[in-house]
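Letter by letter, the chains look like this.
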Amino acid sequence: MNNFTILFVAALASSVLLRLWLARRHMSHVRSHRAAVPPDFAGHIAIDDHHKAADYTLTNTQVGIIALVWDTLLLLGWTLGGGLEWLDTAWRAAAWDPVVTGTLVILSAMVIMTLLELPFSLYHTFVVEERFGFNRSTPAVFISDLLKNGLLLVVIGAPMIALALWIMESAGEYWWLYVWAVWMTFSLVMFWAYPAIIAPLFNKFSPLDDEALKARIQALMDKCGFRSKGIFVMDGSRRSGHGNAYFTGFGSNKRIVFFDTLLNSLEADEIEAVLAHELGHFRLRHIQKRLFSTAALSFGALALLGWLSGEAWFFQGLGVSQPSSWMALLLFMMAMPAFTFILQPLLSRLSRKHEFEADAYAVRQSSGNDLVRALVKMYRENASTLTPDPLYSAWHDSHPPAPVRIARIYGNIRS
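Each value, and the rule that gives it
Sequence order as written defines the numbering, with residues in each chain counted from 1. Whole-chain, interface and lining totals are the exception, using all residues; otherwise, since this is a predicted model, local features are given only for residues with pLDDT of at least 70 and side-chain atom pairs are given and counted only at 80 or more. Working from all heavy atoms in the structure, the side-chain values ignore hydrogens and water. Helix and strand assignments come from DSSP, with helices taken as H or I runs of at least 4 residues and strands as E runs of at least 2, each series counted from the N terminus. When we talk radius of gyration, it's over C-alpha atoms, and the globule rule is simply 2.2 Å times the number of residues to the 0.38. Accessibility here uses a 1.4 Å probe with only protein chains present; expressed as a share of the type maximum, an area under 20% marks a residue as buried, one over 50% as exposed, and anything in between as partly exposed. Contacts are assigned to residue pairs with any non-hydrogen atoms lying within 4.5 Å of each other. Every accessible area reported is derived by Shrake-Rupley at a probe size of 1.4 Å, with residue values counting cover from the shown protein chains alone. Positive residues here are Lys and Arg, negative ones are Asp and Glu, while His and the chain termini are left out of the count. For charged residues, the charge sits on one atom: NZ in Lys, CZ in Arg, CG in Asp, CD in Glu. Cavity: a set of points on a 1 Å grid over the protein atoms alone where a 1.4 Å probe fits but cannot get out. Pocket: an open set with protein on both sides within 12 Å along at least five of seven lines, its lining residues, like those of a cavity, having an atom within 4 Å of a point. Grid points are joined across faces, edges and corners, and a volume is the space filled by probe spheres set on the points. When a carboxyl oxygen of Asp or Glu is within 4 Å of a side-chain nitrogen of Lys or Arg, the pair counts as a salt bridge. Only Phe, Tyr and Trp rings take part, Trp by its six-membered ring, and two of them pair if their centres are within 6.5 Å. Stacked means planes under 30 degrees apart, edge-to-face means over 60, and tilted covers everything else. Charge-over-ring placement is defined geometrically: NZ (Lys) or CZ (Arg) within 6 Å of the ring centre, and within 35 degrees of the ring normal. We define the nonpolar core as a collection of buried residues of types Ala, Val, Leu, Ile, Met, Phe, Trp, Tyr and Cys that are connected through side-chain atoms lying within 4.5 Å of one another. Strand pairing is assigned whenever DSSP identifies at least 2 bridges connecting the two strands. Axis geometry follows a simple rule: fit a line to the C-alpha atoms, using only the stretch in contact for helices, then measure angles between N-to-C directions, giving values from 0 to 180 degrees.

### A short note on the overall build of the protein chain
Item 1. In terms of helices and strands, the protein chain carries 16 helices and four strands.
Item 2. Relative to the 2.2 N^0.38 estimate, which gives 22 Å for 415 residues, the radius of gyration of the protein chain is 23 Å and therefore close to what a compact globule would have.
Item 3. Its C-alpha atoms give the protein chain principal-axis dimensions of roughly 65 × 50 × 45 Å.
Item 4. Looking at the protein chain as a whole, 46% of its 415 residues are labelled buried.
Item 5. Of the contacts made within the protein chain by residues no fewer than 6 positions apart, 78% connect residues no fewer than 24 positions apart.
Item 6. Summed over its atoms, the accessible surface of the protein chain is roughly 20,400 Å², and 64% of this surface lies on carbon and sulfur atoms.
Item 7. For the protein chain, the distance from the average site of its 34 positive side-chain charges to the average site of its 33 negative ones is 5 Å.

### Regarding unusual backbone geometry
Item 1. Located in the positive-phi region is arginine 285, a residue other than glycine, with phi close to 60°.
Item 2. Along the polypeptide, arginine 285 turns up in the loop between α9 (268-283) and α10 (286-308).
Item 3. Unlike most non-glycine residues, alanine 383 shows phi in positive territory, near 55°.

### Details of the side chain of histidine 26
Item 1. Looking at where histidine 26 falls in the secondary structure, it is placed in helix α1 (residues 3-32).
Item 2. Taking relative accessible area as the criterion, histidine 26 reaches 4% and is therefore assigned buried.
Item 3. Discounting residues that sit within four places of it in the chain, histidine 26 has contacts with Thr57, Thr61, Pro388, Asp389 and Tyr392.

### Here's the deal with empty space enclosed by the protein
Item 1. Evaluated as defined, the whole model comprises one cavity of 30 Å³ or more.
Item 2. Counted as a void, the largest cavity has a volume near 50 Å³.
Item 3. Lining the largest cavity we find Ile45, Asp49, His50, Ala53, Tyr379, Arg380, Ala383, Ser384 and Leu386.
Item 4. Sorting the residues of the lining of the largest cavity by element identifies α2 (47-78) and α14 (368-381) as the ones contributing at least two each.
Item 5. The element that contributes the greatest number of residues to the lining of the largest cavity is α2, accounting for three residues.

### A look at the pattern of salt bridges
Item 1. Scanning the entire structure with this criterion turns up 14 salt bridges.
Item 2. With its nearest N and O atoms 3.9 Å apart, the salt bridge here joins glutamate 270 to arginine 373. With glutamate 270 in helix α9 and arginine 373 in helix α14, this residue pair connects regions lying 103 residues apart in the sequence.
Item 3. A residue is classified by how much of its surface remains accessible, and glutamate 270, at 5% relative accessible area, is buried.
Item 4. Arginine 373 sits in the partly exposed class, given a relative accessible area of 41%.
Item 5. A salt bridge links glutamate 381 to arginine 380; the shortest N-O distance between them is 3.6 Å.

### Looking at the packing of aromatic side chains
Item 1. Scanning all chains against the criterion turns up 13 aromatic pairs.
Item 2. An aromatic cluster is present here, built from Phe4, Trp307, Trp313, Phe314, Phe315 and Phe339 joined pairwise through their rings.
Item 3. The ring of phenylalanine 341 has arginine 19 lying over it, and the distance from NZ or CZ to the ring centre is 3.9 Å.

### Structural notes on the nonpolar core
Item 1. Membership of the largest hydrophobic core comes to 46 residues, with the highest contact counts inside it found for Phe41, Ile217, Met221, Ile256, Phe258, Leu275 and Leu279.
Item 2. Setting aside anything within four residues of it in sequence, one finds leucine 275 in contact with Ile217, Leu220, Met221, Ile256 and Phe258.

### Considering the sheet that holds strand β3 (residues 245-248)
Item 1. Across the sheet, which stays open at both edges, the four strands sit in the order β1-β2-β4-β3 with mixed pairing between neighbours. Strands at the two margins of the open sheet, each flanked by one partner only, are β1 (205-207) and β3. Mean inter-strand twist for the sheet, computed between neighbouring axes without regard to direction, equals 30°.
Item 2. Two strands pair when backbone bridges link them, and β1 and strand β2 (residues 231-234) are joined in this way by three bridges, in the antiparallel orientation. For serine 206, the partnering residue across the bridge sits in β2 and is valine 233.
Item 3. Set on the sheet, α9 makes contact with β3 and β4 (255-259); between it and β3 the angle comes to about 35°.

Laid out in structure tokens, this is it:
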């Protein structure tokens, strides 16, 4: 056991204990506020809906605790337990080219990880979501999604892994800089292609056929200077009762997407207000800012990996005896979350800041009261708790807690 092993175990133990402590705080806070609807939502959220949201939150958090323990044991099994060492030795026995060997090691590790975590996906979909009335999926749809994701891993993931490994093997000391450039190019291409190529593999996207609503939406988009490939309705109800809306893509391939479940629960004024919020992300360049943040973080991460991949103690400290480019990638992806979880509040804070800004934009472009009504309906329909633990929420949630968000919107209305 070298010093890095001790550091890794300490970081992992600290992050796991912190997650467990936050989860316990969250559960205690939700339970203590289960009896009554918060005053700001009285008259808008029925007590039965409030109870459902609390119970749904508690169940998901409890399952999350079990999943955290399982994932931690798997991580220790893969690294210090010798799982990756065994997998690497098995593929090396075939004596193929390093790029081929490394690609197969990484792909097989990803497939095994998916299979080991599959019971939690099944339980969440067919037990938890079913119990609370959200699941619309079937075993056939679930298996189809699983196979499609596997196909994408082979068709898209395998070539990208092979290209990264080839660069690592042949580009010299600064290989990480070239991998970063390739990764960012790939990310931009996928962000552009996702709406038209990837998403339709899983869902059906139909043009909005409500002409009156379509005209209102088009007028709002014209007012906000937004041009898109169209306004689409996604058959989200095929898998879930949850509702949402988003815009995706960039350049000439932007599109607005509404879940059919959301359209069925909101009035036209409320839909317009939700769209104004999404357009706020566009007008305030939040997507570009997030892409820039991603580029900066990935640059730093790959630079760090470039250094670690040349250090034998990094491999040995994580249970791998023979250094290689593919083991460097796998170990880095597996081990780094234990060290970076402490930074999660900073990323969550930035995301919540963008949500506040998009809400303020929506108030200026449409009706703040309509936005509040829409959000309240979405909280109710999605069984989102109105009383998360503040510290847990600051660490985990990309969106502001409901009471804080609603209060900020009312403040924007008054100003």
